[in-house]
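Observations on the three-dimensional arrangement
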Amino acid sequence: MCRPLIEMYETKALDECTAMQGETVPYIICVEKDSEGNLSGNQKGLAERAHHPEEINAASNLAIDAEYYLTQQVHPVVSRLCAPIEGTDAAHLADCLGLDPAKFRQQVIAASSDARQEAQLAAASVFDDNDRYKDCQPLWLKAHDGSAFKFVGAAELVKGTVSVDAAFVPPDAVGSSDIKPLTSAQLANQVQLRARQFVSQYYDGWLKSDDELLPVETRNVSLRTQPEGKPGTAPPMATQQGHMARTYTEADLYTQLAHFARLLDAERAAEQLEKEADRQAALERVAPVRAALAAGLQAIKKLQDANAYRWISLHSLYDVKPQAG
């Protein structure tokens with residue numbers, strides 16, 4: 001027998017009631033009211049608030065806990081039904097039901113975060129490159145004179161829209177003998193340094209709250225617990241509102257590294273061309289810089305191999321221990 005039924009049968013009003021095995025016993029979660037009809041400030045636990053319908057009819061100080069049933073039974077069902085509808089979320093539905101939307105804000109954060117990471121880590125067959133990497137930062141390189149320039153990417157070199165002579169020099173230095181193009185070693189070194197900046201940004205561990213009125217940004221993870229939040233999502237001070245979330249996630253880092261790899265992968269860019277003759281011509285066009293592109297791509301792949309998002313453990317996925325031998 002569940003705890004609410006035990007508490008209910010221990011009340012004096014039902015001390016003569018008996019229940020047979022398999023019998024359904026009705027009970028309702030209630031709240032107590034004072035003499036003026038207001039809710040009592042000293043509410044009991046859930047099990048102690050379970051009452052038989054006959055007991056409710058006989059007692060004038062008991063009222064059905066509407067908030068409990070809206071929160072536990074109505075809201076979850078409505079949320080699942082409305083999940084495919086764009087523009088709805090747990091907090092908005094809670095507000096429509098007359099509940100406190102702040103209590104459901106963590107569900108919105110978790111849902112939006114999961115959806116965002118799923119979109120970032122989705123297969124390239126689902127999203128084209130422009131959509132998949134639209135939020136990524138460009139690959140900035142530095143010439144011998146210290147001037148910075150944005151690398152256009154292997155796709156532009158393969159298409160022929162940008163000359164290979166202009167691949168590793170600033171746009172205003174094309175054709176100039178004063179500034180030489182970057183060598184393979186220099187490109188690989190700069191690519192690795194640029195990628196490490198994003199790795200460092202991830203390990204900085206900055207957190208930001210979702211409170212629009214007074215947002216909090218910090219690197220300190222609070223060990224305080226919240227009734228509606230997961231561990232580590234509470235703001236650093238008890239007087240602050242909202243839930244904390246990473247400003248730069250694992251998915252952000254992996255997608256950024258994948259974007260750099262895409263910019264440096266000439267073979268992958270050539271595969272996007274429809275005709276075989278065009279692919280061969282494109283690879284011949286980028287032949288003078290393929291060694292440099294390959295060196296930069298190898299530097300990125302070393303970092304990608306260290307990222308857990310790149311690997312799938314079948315042993316943990318299927319809960320199978322590896323066998324020796």
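Up top is the structure.
Model, not experiment: these values are computed from the prediction.

This next bit is on the sheet that holds strand 8 (residues 244-246). If you trace the three strands from one edge of the open sheet to the other, you get 7-6-8, paired in antiparallel fashion. The sheet terminates laterally at strand 7 (217-218) and strand 8, the two strands that pair on one side only. Pairing between strand 6 (residues 207-209) and strand 8: three bridges, direction antiparallel. Residue pairing for strand 8: Ser209 is matched across the bridge by Met244.

Interhelical geometry of helix 8 (residues 184-204) versus helix 9 (residues 250-264) gives an angle of 165 degrees and a closest axis separation of 9 Å. Here helix 9 runs roughly antiparallel to helix 8, going by the angle between their axes. Judged by the sense of rotation from one axis to the other, the crossing of helix 8 with helix 9 is right-handed. Together, Leu187, Val191, Arg194, Ala195, Phe198, Val199 and Tyr202 of helix 8 and Glu250, Leu253, Gln256, Leu257, Phe260 and Leu264 of helix 9 make up the contact between the two elements. Tallied by class, residues from the contact of helix 8 with helix 9 come to 10 nonpolar, one polar and two charged.

With that settled, consider the pairing of strand 1 (residues 28-32). Alignment of strand 1 against strand 2 (residues 50-51), held across two bridges, turns out to be antiparallel. Note that in strand 2 the partner of Ile29 across the bridge is Ala50. Strand direction decides the pairing type here: strand 1 and strand 3 (residues 62-64), joined by three bridges, are antiparallel. Within strand 3, the position partnered with Val31 by the bridge is Ala63.

Looking now at the nonpolar core. A general feature of soluble globular proteins is that nonpolar side chains tend to end up buried together. If you look at the biggest cluster of nonpolar residues, it comprises 37 residues, and the most contacted ones within it are Leu139, Leu141, Phe151, Phe168, Leu264 and Leu293. Taken together, the elements giving at least two residues each to this core come down to helix 7 (154-159), helix 8, helix 9, helix 10 (266-271), helix 11 (276-285) and helix 12 (290-305). Ranked by the residues each element gives to this core, the list is headed by helix 9, at six residues. When near neighbours in sequence (up to four residues on either side) are disregarded, Phe168 contacts Leu141, Phe149, Phe151, Pro181, Leu182, Leu187, Val289, Ala292 and Leu293.

Here the focus is the packing of helix 8 against helix 12. Running from N to C, helix 8 and helix 12 cross one another at 30 degrees; their axes reach a closest spacing of 8 Å. Here helix 12 runs roughly parallel to helix 8, going by the angle between their axes. Note that helix 8 runs across helix 12; the crossing there is right-handed. Contact residues: Ser184, Leu187, Ala188, Val191, Gln192 and Ala195 in helix 8; Ala291, Ala292, Leu293, Ala295, Gly296, Ala299, Ile300 and Leu303 in helix 12. When the residues that make up the contact of helix 8 with helix 12 are grouped by side-chain class, the tally is 11 nonpolar, three polar and no charged.

Using the criterion set out here, one finds four aromatic pairs in the structure. Ring geometry for Phe198 and Phe260: centres 5.8 Å apart, planes at 70 degrees, overall edge-to-face. Of this pair, Phe198 sits in helix 8 while Phe260 sits in helix 9, placing them 62 residues apart in sequence. We note that Phe198, like Phe260, is buried. Measuring from centroid to centroid gives 5.0 Å for Tyr202 and Tyr203, while their planes differ by 70 degrees, and the two rings are edge-to-face. Tyr203 sits in the exposed class, given a relative accessible area of 63%.

So, on to helix 8. The end-to-end C-alpha separation of helix 8 is 30 Å, in line with the 30 Å expected for 21 residues at 1.5 Å each. Looking at the residues trailing helix 8, positive phi occurs at Gly205, about 65 degrees.

The next point concerns the pattern of salt bridges. Counted by the stated rule, this structure contains three salt bridges. Between Arg49 and Asp65 there is a salt bridge, with its nearest N and O atoms 2.6 Å apart. Of this pair, Arg49 sits in the loop between strand 1 and strand 2 while Asp65 sits in the loop between strand 3 and helix 3 (66-82); the two residues are 16 residues apart in sequence, bridging distant segments of the chain. Comparing Arg49 with Asp65 shows no difference in burial state: the two are buried. Here Glu276 ties to Arg279 by a salt bridge, and the two come within 2.6 Å at their closest N and O atoms. Here Glu276 pairs with Arg279, and both are found in helix 11, just three residues apart, close to one helical turn.

Conventions used here
Residues numbered from 1 in each chain as written. Predicted model: local features only at pLDDT ≥ 70, side-chain atom pairs only at ≥ 80, totals over all residues. Heavy atoms only, no water. Pairing = 2+ DSSP bridges. Helix = DSSP H or I, 4+ residues; strand = E, 2+ residues; numbered from the N terminus. Axes fitted to C-alpha atoms, helices over the stretch in contact; angles between N-to-C directions. Parallel < 35°, antiparallel > 145°, perpendicular 65-115°, else oblique. Left-handed = near helix turned anticlockwise from the far one by under 90°. Contact = heavy atoms within 4.5 Å. Nonpolar A, V, L, I, M, F, W, Y, C, P; charged D, E, K, R; others polar. Core = buried A, V, L, I, M, F, W, Y, C linked by side-chain atoms within 4.5 Å. Buried < 20%, exposed > 50% of the residue type's maximum accessible area, 1.4 Å probe, protein only. Phe/Tyr/Trp six-rings, centres within 6.5 Å; stacked < 30°, edge-to-face > 60°. Expected span 1.5 Å × (residues − 1). Salt bridge = Lys/Arg side-chain N within 4 Å of Asp/Glu carboxyl O.

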